[in-house]
Amino acid sequence: MTANKFVTFIKKHPIIDTIIGLVIVDFILLVIGYYMLDSFTHHNQYTIVPNLEGMTPAEANNLLGKQNLQCVISDSIYDTKSKPGIVLEQTPQAGAKIKDSRIVYITTTSFTTQRVKVPALVDLSLRQGLSLLQSLGISHIDIKHVPSQYSDLVLDLTMNGLSLRQGEKIPIDSHVTLVVGDGSEANEEFELDSIAGDGDEPIVMVDE
């Protein structure tokens with residue numbers, strides 16, 4: 001079929017002419033879209049994430065802003081080994097490659113001390129009481145022995161001389177005192193019982 005015959009055939013069948021036109025237009029749009037997509041998504045363009053650890057949130061935000069990145073604080077935790085208000089962790093990690101305008105999430109140290117609830121300690125053994133307090137992160141613990149019937153039985157938990165109630169919240173770095181019995185009253189009671197027992201022995205009358 002020559003070119004003239006093909007043109008004549010197309011003119012006699014307008015539907016085929018329309019279909020061919022649509023195919024050509026779709027192909028052109030596809031090509032344009034492909035190249036524009038690369039432009040919009042910054043294909044093969046990326047930024048290396050800097051190391052933010054040890055910076056303040058303001059310093060981290062300023063540095064990321066210069067690299068066309070965003071900074072968002074995702075969490076804040078209390079850490080006794082680090083200064084308050086600095087970056088501890090970041091996501092993505094330093095050295096990662098990300099595209100412009102993406103978000104870098106940071107975890108900072110808290111300015112306020114973490115607080116924990118006072119557990120139920122009364123009537124526990126000294127060993128159990130110490131273990132429970134230490135499991136909460138409380139490390140400054142003094143032990144005070146007072147007269148009691150039972151030895152090493154927890155009688156109270158105090159801070160600055162005042163008793164702490166179960167469920168009360170205290171700073172994790174508080175100095176607390178476990179008040180425990182020394183068992184001295186048990187010995188006294190035993191001695192009193194012994195004396196009372198001697199007096200209750202029956203008196204035997206002997207006829208002369």
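This report concerns the structure included in the present document. Just so we're clear, the structure is a prediction, and the values are computed from it rather than from any experiment. (Residues numbered from 1 in each chain as written. Predicted model: local features only at pLDDT ≥ 70, side-chain atom pairs only at ≥ 80, totals over all residues. Heavy atoms only, no water.)

To continue, consider the nonpolar core. Generally speaking, a soluble globular protein has its nonpolar side chains buried in company with each other. Counting residues in hydrophobic clusters, the biggest one holds 15 residues, and the most contacted among them are Leu133, Ile138, Leu157, Ile170, Val176 and Leu178. Mapped by element, the contributors of at least two residues to this core are helix H4 (126-135), strand E8 (151-159) and strand E11 (175-182). Among the elements that line this core, the one with the most residues is E11, at three residues. When neighbours within four sequence positions are excluded, Ile170 is seen to be in contact with Gln114, Arg115, Val116, Val118, Ile138, Met159, Leu164 and Val176. (Core = buried A, V, L, I, M, F, W, Y, C linked by side-chain atoms within 4.5 Å. Buried < 20%, exposed > 50% of the residue type's maximum accessible area, 1.4 Å probe, protein only. Helix = DSSP H or I, 4+ residues; strand = E, 2+ residues; numbered from the N terminus. Contact = heavy atoms within 4.5 Å.)

Turning next to the sheet that holds strand E7 (residues 140-146). Reading across from one edge, E7-E11-E8-E9 is the order of the four strands in this open sheet, with mixed pairing throughout. Looking at which strands have only one partner, the edges of the open sheet turn out to be E7 and strand E9 (162-163). Note: E8 against E9, two bridges, orientation antiparallel. The partner of Thr158 across the bridge, within E9, is Ser163. The strands touched by H4 within the sheet are E7, E8 and E11, with E11 carrying the most contacts at an inclination of about 165°. (Pairing = 2+ DSSP bridges. Axes fitted to C-alpha atoms, helices over the stretch in contact; angles between N-to-C directions.)

All quantities given are derived from atomic positions and should not be read as evidence of function.
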